[in-house]
Amino acid sequence: MNFREFIKTNKVYLDGGMGTMLQSHGLKAGEYPEMWNITHPEIISGIHKQYFDVGSNVVCANTFGANSLKFDDRQLEQVVKTAIENAAAARDKSRGTQPKFIALDIGPSGRLLRPLGDFDFEDAVSLFAKTVKLGAKYGADLVFIETMNDSYETKAALLAVKENCDLPVLVSNAYGSDGKLMTGASPRAMVAMLEGMGADAVGANCSLGPAQLAGVVRELLSCASVPVILKPNAGLPRIENGETVFDVSPEEFADEVTALIKEGVRLAGGCCGTTPRHIQLLTAKSGSIEPCDVVFKRTTVVSSYTHSVEFGNEPILIGERINPTGKKRFKQALVENDIGYILNEGVNQQDRGVHILDVNVGLPDIDEPRMLCGAVCHLQSVVNLPLQIDTADADAMEKALRRYNGKAMINSVNGKEESMSSIFPLVKKYGGVVVALTLDEDGIPETAEGRVSIARKILDTAASYGIDKKDIVFDPLAMTVSADTSSPSVTLEALKRIKGELGCHTSLGVSNVSFGLPCRDAINGTFFALALENGLSAAIMNPYSADMMKTYYSFKALHNMDENCTGYIENISNFTPASTTTVQEGAKTETEYKTDLQYAVVKGFKDKAGKITQDLLKTVAPLDIVQNEIIPALNTVGKGFEEKRVYLPQLLMSAEAAKTAFEQIKTFMSGTSVKKSDKGTIVIATVEGDIHDIGKNIVKLLLENYGYDVVDLGKDVPPETVSKKVLELKSPIAVLSALMTTTVPSMEETIKQIKETSPNCKTVVGGAVLTREYADVIGADMYSKDAMGVVRYAEKILGK
């Protein structure tokens, strides 16, 4: 049976852990588990057979870390080929009678993608594509992308699958205890992006036990229109009689996962610490449960790399200021490639309260595909709002959609066949909510009936591409009232009918109605109110307009969308008196920060931070800038990160801005006799056998920004290399990272050697598989769950 068909009507049992099973068979610290496909095929096949024997429908081939960062092309092909052969042999020998499938398993690369790291998005796509092609070549039935903790890398992997094979693809992410990915994405945001790109099932695995992942699972079930996956760990690891064990027994595991199957989970298995016994009990306890129906959710939603924005709950504000139309200074910024100006517009509109940013950089004198793609990527490094990609150039649209981290709004398509044939394939491939203009080859109809008729045609055509109406938002076009005083009434009627008759959401460029008139904000604000009353879902508008913002907050208060009128009370005083119609555009929002440099660092403006620092050095002592400007700004962001108000991308971009400022200071100090602060040299490394260095790189960046010298030994570092460097440098602190369960023994050995040669050195450990208790048992002085914890510990030990 085809897996895509099987998943539609059946519960699917997945396998359990592989790494911990291999450790029990003698996998040594530092060994690549994937090489056992070649060197110990009988053991690998035997583990797969155990899972098939106890009821697993899907076994993941031992290819979790099989990529060209670890293996050359010849080795990679051999690893993937033998991995699938081992799984196929297990399937043939298994006594289980259930349908059986083999998944090509794809785990994270261990690299952080730009702009947060140094790995390009297209390089990540190519990396995963190599493995995908081999998996398809050697007979995998499906692809399972799992344990991804970055939405952008998840997108790269899914895109690689979709572009290089036609196999079904399951996508599962590793959520933390806060219910989000390491880079900040919520389950809803991930569902929006992954469903839009065509994943066959979505879910959660690793990180935590089933009880701790229950909240994530319920959120996935509430918004997903595809089957939901759950593959949790057997709780958290600890040491017992010298062995690593996990704190959730097979019986508890089976009970907890079975309870979530009753709530709607359709694909269930286990991750770290789970064994065939866990899966055996799970299939026994839940085998008689009928699979819950997968309910199609008619939710219109866009997303960024952190959160989703759903249409229909309240009016959506789309900031219009990133657009050259009628803006001389913005045109100049585009011609001069002044990205900083564009970023400032984005940040300021976010601070004004918009939900989505429209991004239009169309200008005859520029390379629009390059500029639009660059603007989207740069904006996503400093704001976390979803973006509306606004262009009439299909090539520019595709390049920007490909690089966009989330599910974008696409502005726009219309009723012309040429438009629909160029835009709808992009919507289908990359996902998105597309704005559909109610015009066609005959122009803009003068009647509401004509515009609704075009809307029906667009819906029918979209359906032929496999695009549901939930991903179409109609713009019935606001025309200039000064040219035709009846036109606003036509637009309002079309709004009402599209919502009532077609059940679709709507958007308008509200300010078009007042073109050519004096006191435009008065017309705009009133028309906005009328449009909202007739069912308008979203407005492309100027968030600096006092009249528009007053209308927005007043409408919400009057329509029971603002409990106790809190939003109205908190925001209405931000706007100018009635005698002044527009808040000063581009007005500074830095007032909450003490200085311009602090603002630049907090917001992640690298170029601005460097320029301000350069100017400050003319009058302010370098170390005063560090202590009074940069460190307070980093502390502001760090505190926000610790309190879950700021997410990793914002933390890293702030750190990069601080780094730019530090480079100016270092350059200045190199030509002076100013004494450099000496806090000692910290050694950091990812332990032997582990190539995942994202966490390590983040720690390095933050420590350096707090003034510490850091020696980075890289990844897959043998214990003796670390201990020798610590001894050589007399390092007060050594920081060790590990992502995989199989590499924790390497960490323990590294700590042991450091303690033997440098007993005064404090060891700090971190990684997804570690806990404070586990860290204590392997001899670490400190366990840190994130990079800021390492900084705080360094400040405590070495002083501020």
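Below is a summary of the structure that appears in this document.

What counts, and at which threshold
Residues numbered from 1 in each chain as written. Predicted model: local features only at pLDDT ≥ 70, side-chain atom pairs only at ≥ 80, totals over all residues. Heavy atoms only, no water. Core = buried A, V, L, I, M, F, W, Y, C linked by side-chain atoms within 4.5 Å. Buried < 20%, exposed > 50% of the residue type's maximum accessible area, 1.4 Å probe, protein only. Helix = DSSP H or I, 4+ residues; strand = E, 2+ residues; numbered from the N terminus. Contact = heavy atoms within 4.5 Å. Pairing = 2+ DSSP bridges. Axes fitted to C-alpha atoms, helices over the stretch in contact; angles between N-to-C directions. 1 Å grid on protein atoms, 1.4 Å probe; cavity = no way out; pocket = protein on both sides within 12 Å on 5 of 7 lines; lining within 4 Å. Points joined across faces, edges and corners; volume = space filled by probe spheres on them. Nonpolar A, V, L, I, M, F, W, Y, C, P; charged D, E, K, R; others polar. Expected span 1.5 Å × (residues − 1). Disulfide = S-S within 2.5 Å. Right-handed = clockwise from strand over helix to strand, strands pointing away. Salt bridge = Lys/Arg side-chain N within 4 Å of Asp/Glu carboxyl O. Parallel < 35°, antiparallel > 145°, perpendicular 65-115°, else oblique. Left-handed = near helix turned anticlockwise from the far one by under 90°. Phe/Tyr/Trp six-rings, centres within 6.5 Å; stacked < 30°, edge-to-face > 60°. Lys NZ or Arg CZ within 6 Å of the ring centre and 35° of its normal. Polar contact = N/O pair within 3.5 Å; in protein donor to acceptor, adjacent residues only side chain to side chain.

### Comments concerning the nonpolar core
Counting residues in each nonpolar core, the largest one holds 198 residues, and the members touching the most others are Ile145 and Phe424. Of all the elements, helix 25 (residues 648-669) adds the most residues to this core, at eleven residues. In this structure, isoleucine 145 is in contact with Ile106, Ala157, Leu158, Val161, Val169, Leu170, Val171 and Ser172, ignoring residues within four places of it in sequence. Listed in part, the 22 residues of the second largest apolar core include Val683, Ala738, Tyr774 and Tyr783.

### Observations concerning the sheet that holds strand 19 (residues 505-509)
As a general point, the strands of a sheet are linked pairwise by backbone hydrogen bonds and lie either parallel or antiparallel. Pairing in this closed barrel of eight strands is parallel, and the strands run 13-14-15-16-17-18-19-20 around the ring. Neighbour to neighbour, the strand axes of the sheet diverge by 30 degrees on average, direction disregarded. Pairing of strand 16 (residues 409-414) with strand 17 (residues 433-437) involves five bridges; the strand directions are parallel. Directly across from valine 413, in strand 17, lies its bridge partner alanine 436. Packing of helix 13 (residues 339-352) onto the sheet brings it into contact with strand 13 (316-322) and strand 14 (356-359), and relative to strand 13 it is tilted by some 155 degrees. Packed on one face of the sheet, helix 16 (residues 417-430) meets strand 16, strand 17 and strand 18 (472-475) and runs near 155 degrees to strand 16.

### Things to note about the layout of surface pockets
If you add up the space inside the second largest pocket, you get close to 1100 Å³. Along the walls of the second largest pocket sit 43 residues, with Pro115, Ser381, Lys606, Met653 and Glu656 positioned nearest its centre. For the lining of the second largest pocket, the secondary structure elements donating two or more residues are helix 7 (151-164), helix 13, helix 14 (368-382), helix 23 (606-616), helix 25 and helix 26 (694-705). Tallied by class, residues from the lining of the second largest pocket come to 18 nonpolar, eleven polar and 14 charged.

### Quick word on helix 17 (residues 448-464)
Here helix 17 is 17 residues long and its end C-alpha atoms lie 25 Å apart, about the 24 Å a rise of 1.5 Å per residue gives. Within helix 17, the full set of buried residues consists of Ala448, Gly450, Arg451, Val452, Ile454, Ala455, Ile458, Leu459, Thr461 and Ala462. Contact partners of the buried residues in helix 17: strand 16, helix 16, strand 17, strand 18 and helix 18 (487-502). Immediately beyond the C-terminal end of helix 17, within one or two residues, lies glycine 466, with a positive phi of roughly 80 degrees.

### Observations concerning the state of the cysteines
Within this structure, the stated rule accounts for zero disulfides. Counting only cysteine sulfurs, cysteine 271 is the nearest neighbor of cysteine 60, a cysteine outside any disulfide, at a range of 9.1 Å.

### A few points about the pairing of strand 4 (residues 142-148)
Most of strand 4 sits out of view: seven of its seven residues are buried. Pairing of strand 3 (residues 101-106) with strand 4, which is carried by four bridges, proceeds in the parallel orientation. Bridged to alanine 103 within strand 4 is leucine 142. Running through helix 6 (residues 121-137), the crossover from strand 3 to the neighbouring parallel element strand 4 is right-handed.

### A closer look at the pattern of salt bridges
Tallied over the entire structure, the rule returns 38 salt bridges. Here aspartate 15 and lysine 231 are joined by a salt bridge, their closest N and O atoms 3.3 Å apart. Residue aspartate 15 is located in the loop between strand 1 (12-13) and helix 2 (19-24), and its partner lysine 231 is located in strand 7 (residues 228-231); the two are separated by 216 residues in the primary sequence. The burial state of aspartate 15 is the same as that of lysine 231; both residues are buried. One salt bridge in this structure joins lysine 755 and aspartate 781, with 2.4 Å as the shortest N-O distance. Of this pair, lysine 755 sits in helix 28 (residues 744-757) while aspartate 781 sits in the loop between helix 29 (772-777) and strand 25 (782-783), placing them 26 residues apart in sequence. The exposure class of lysine 755 is partly exposed, given its relative accessible area of 26%. A single salt-bridge network, built from bridges that share partners, covers Glu122, Glu163, Arg402 and Lys429.

### Comments concerning the sheet that holds strand 6 (residues 201-205)
Strand order in the open sheet formed by eight strands is 1-10-7-6-5-4-3-2, with parallel pairing between adjacent strands. Of all the strands in the sheet, just strand 1 and strand 2 (58-60) have a single pairing partner and so form its edges.

### Topic: the packing of helix 7 against helix 8 (residues 187-197)
Following both chains from N to C, one finds helix 7 and helix 8 inclined at 15 degrees, their axes separated by 11 Å at the closest point. Considering the angle they form, helix 7 stands roughly parallel to helix 8. Crossing geometry of helix 7 relative to helix 8 is assigned as right-handed. For the pair formed by helix 7 and helix 8, the contact residues are Ser151, Thr154, Lys155, Leu158, Leu159 and Lys162 on the first element and Met190, Met193, Leu194 and Met197 on the second. Of the residues assigned to the contact of helix 7 with helix 8, the class counts are six nonpolar, two polar and two charged.

### Notes on empty space enclosed by the protein
Summed over the entire model, instances satisfying the criterion amount to two cavities of 30 Å³ or more. If you add up the space inside the largest cavity, you get close to 60 Å³. Along its surface, the largest cavity is lined by twelve residues, and Ser207, Asn233, Pro237, Ala768 and Val769 are the ones closest to its centre. Within the lining of the largest cavity, the residues separate by chemical class into eight nonpolar, four polar and no charged. The calculated volume of the second largest cavity comes to roughly 40 Å³. Surrounding the second largest cavity, Thr63, Phe64, Ala66, Asn67, Asp105, Ile106, Gly107, Phe128 and Thr131 form its lining. By residue class, the composition of the lining of the second largest cavity is four nonpolar, four polar and one charged.

### Details of the packing of aromatic side chains
With the rule as written, the count across this model stands at eight aromatic pairs. For the pair tyrosine 552 and tyrosine 553, a centre-to-centre distance of 5.0 Å together with 70 degrees between the ring planes defines the contact as edge-to-face. Both residues of the pair, tyrosine 552 and tyrosine 553, belong to the buried class. By the ring-pair criterion, three or more aromatic residues cluster together here, those being Phe3, Phe6 and Phe101. Its guanidinium or amino end placed over the ring of tyrosine 32, lysine 70 lies 4.4 Å from that ring's centre, counting from NZ or CZ.

### Re the environment of tyrosine 138
Tracing the backbone shows tyrosine 138 in the loop between helix 6 and strand 4. Exposure remark for tyrosine 138: the relative accessible area of 24% places this residue in the partly exposed category. Along the backbone, tyrosine 138 and leucine 104 are 34 residues apart, and their C-alpha atoms lie at a distance of 9.8 Å. Excluding its chain neighbours within four sequence positions, the residues that come into contact with tyrosine 138 are Glu77, Lys81 and Ile84. Engagement of the side chain of tyrosine 138 in a polar contact is seen with the side chain of lysine 137, the distance being 3.5 Å.

### Looking at the side chain of serine 545
Tracing the backbone through its elements, the reader meets serine 545 in the loop between strand 20 (538-541) and helix 20 (546-558). In terms of polar contacts, serine 545 uses its side chain to reach the backbone amide nitrogen of methionine 548, at 3.2 Å.

### Overview of unusual backbone geometry
Backbone geometry follows two general trends: most residues other than glycine have a negative phi, and most peptide bonds adopt the trans configuration. Each neighbour pair has its own omega, and for arginine 114 with proline 115 the value is 5 degrees, a cis peptide bond. With respect to the secondary-structure elements, proline 115 resides in the loop between strand 3 and helix 6. Here the bond from asparagine 411 into serine 412 is cis, since omega is 20 degrees, no more than 30 degrees from zero. With respect to the secondary-structure elements, serine 412 resides in strand 16. Although it is not a glycine, serine 207 adopts a positive phi angle of roughly 65 degrees. By secondary structure assignment, the location of serine 207 is in the loop between strand 6 and helix 9 (214-223). With a phi close to 50 degrees, cysteine 519 is a non-glycine residue in the positive phi region. Structurally, the position occupied by cysteine 519 is in the loop between strand 19 and helix 19 (520-533).

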